[in-house]
Amino acid sequence: EDQVTQSPEALRLQEGESSSLNCSYTVSGLRGLFWYRQDPGKGPEFLFTLYSAGEEKEKERLKATLTKKESFLHITAPKPEDSATYLCAVFRVTTDSWGKLQFGAGTQVVVTP
Amino acid sequence: GAVVSQHPSWVICKSGTSVKIECRSLDFQATTMFWYRQFPKQSLMLMATSNEGSKATYEQGVEKDKFLINHASLTLSTLTVTSAHPEDSSFYICSARGAGSSTGELFFGEGSRLTVL
């Protein structure tokens, strides 16, 4: 069965304390791995798309990497405004050809001043 | 970036009534729209996928007669929760994929929080 597992469930960081979030997946027909940020009561906000193992993407204090089995989201010197739930999702091709985005449960990150 | 708008953002209704949520793509044509449901501290669960002009495809366990989805145009999809009950209270989020897009880069609406009393 296809699975997307994120760890840890929650992460509390001091401002400036770098850390990494993990997303491991077992999905057949993978066509991309996505990272989203979600603030409370809001829809997900797109961050990155990764398509192949070894690929890396960066945006401000965030850097996403991808291997054949997992992806990491590195947060370097986080600020309180980086506090959010970070969602990982994998896109897989389905028999109906539309494809589906399957989400992990998310990692809730709190950055304290 | 592309904008997807949902309306209403918040809705409170009595048990047994029906509620309609709209999802609009404001600056692109959305050939495919997805409806998700999210319970507190849980991830997004795909409910159904709809293509413009076609019947929606529902995920296993989602009642199609209860969650009516209409995708009548390339910029609008609606989700109607019929005969709503308190257990239907949730955060409903739509997303849209533009014409010509073959990947999962979806644009999400801001979500609609439904509370059924």
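Above this text is the structure in question.
Note that this is a predicted model, so its numbers are computed, not measured. (Residues numbered from 1 in each chain as written. Chains lettered and ligands numbered in written order. Predicted model: local features only at pLDDT ≥ 70, side-chain atom pairs only at ≥ 80, totals over all residues. Heavy atoms only, no water.)

Caption draft 1: Representation of the overall build of chain A within the structure. Per the secondary structure count, chain A includes zero helices and eleven strands. In chain A, the succession of helices and strands from N to C terminus is β-β-β-β-β-β-β-β-β-β-β. Taking 13 Å as the expected radius of gyration for a compact globule of 113 residues, we find that chain A reaches 14 Å, a close match to that expectation. For chain A, the spread of C-alpha atoms along the three principal axes comes to 50 × 30 × 20 Å. Out of the 113 residues in chain A, the part that is buried amounts to 47%. Long-range contacts, defined here as pairs at least 24 residues apart, represent 54% of the contacts in chain A between residues at least 6 apart. Total accessible area on chain A stands at roughly 5,500 Å², and carbon and sulfur atoms take up 48% of it. Positive and negative charge centroids in chain A, built from 13 and 15 side chains respectively, lie 3 Å apart. (Helix = DSSP H or I, 4+ residues; strand = E, 2+ residues; numbered from the N terminus. Rg over C-alpha atoms; globule rule 2.2 N^0.38 Å. Buried < 20%, exposed > 50% of the residue type's maximum accessible area, 1.4 Å probe, protein only. Contact = heavy atoms within 4.5 Å. Areas by Shrake-Rupley, 256 points an atom, 1.4 Å probe, with all protein chains shown as cover. Lys, Arg positive; Asp, Glu negative; His and termini not counted. Charge placed at Lys NZ, Arg CZ, Asp CG, Glu CD.)

Caption draft 2: Representation of the environment of Lys63 of chain A within the structure. Residue and element names in this part refer to chain A. Tracing the backbone through its elements, the reader meets Lys63 in strand β7 (residues 62–66). Taking the relative accessible area as the measure of exposure, Lys63 reaches 26% and is therefore partly exposed. With 30 residues separating them in the primary sequence, Lys63 and Leu33 have C-alpha atoms 14 Å apart. Setting aside anything within four residues of it in sequence, one finds Lys63 in contact with Phe48, Glu56, Lys57, Glu58, Phe72, Leu73 and His74. Engagement of the side chain of Lys63 in a polar contact is seen with the side chain of Glu56, the distance being 3.4 Å. (Polar contact = N/O pair within 3.5 Å; in protein donor to acceptor, adjacent residues only side chain to side chain.)

Caption draft 3: Region of interest: the nonpolar core. Judged by nonpolar contacts, the single largest core of 24 residues is most densely connected at Trp35, Phe67, Leu79, Tyr92 and Leu114 of chain B. Where this core is concerned, the elements lending two or more residues are β2 (10–13), β3 (19–25), β4 (30–38), β5 (45–51), β7 (67–73), β8 (76–81), β9 (90–98) and β11 (112–116) of chain B. Ranked by size, the runner-up nonpolar core spans 23 residues in total, among them Leu13, Leu62, Ile75 and Val90 of chain A. (Core = buried A, V, L, I, M, F, W, Y, C linked by side-chain atoms within 4.5 Å.)

Caption draft 4: Just the interface of chain A and chain B, in detail. Counting residues at the interface gives 20 residues for chain A, matched by 25 residues for chain B. Summing the contributions of chain A and of chain B, the shared interface buries around 1,800 Å²; its carbon and sulfur component is 55%. On the surface where chain A and chain B come into contact, there are one salt bridge. Glu110 of chain B serves as the salt-bridge partner of Lys42 of chain A, at 3.6 Å between the closest nitrogen and oxygen. Our count for the contact surface shared by chain A and chain B stands at three residue pairs in polar contact (both at pLDDT 80 or more). Every element with two or more residues in the side of chain A that touches chain B is listed here: β4 (30–38), β5 (45–50), β9 (84–92) and β10 (100–103) of chain A. Tallied by class, residues from the side of chain A that touches chain B come to eleven nonpolar, seven polar and two charged. (Buried area = accessible area lost by both parts, 1.4 Å probe. Salt bridge = Lys/Arg side-chain N within 4 Å of Asp/Glu carboxyl O. Nonpolar A, V, L, I, M, F, W, Y, C, P; charged D, E, K, R; others polar.)

Caption draft 5: Focus on the pattern of salt bridges. Going through the model one piece at a time under the given rule, you end up with seven salt bridges over all chains. Close ionic contact of Arg37 of chain A with Asp39 of chain A constitutes a salt bridge, the shortest N to O distance being 3.1 Å.

Caption draft 6: Quick look at the pairing of β4 of chain B. All names here are of chain B. Among the nine residues in β4, eight count as buried, and that is most of the element. Across eight bridges, β4 lies against β9 in antiparallel orientation. Among the inter-strand pairings, Gln38 is bridged to a residue of β9, identified as Phe91. Between the antiparallel neighbours β4 and β5 lie six residues, among them Lys41 with a positive phi of about 60°. (Pairing = 2+ DSSP bridges.)

That's the geometry; what it means functionally is another story.
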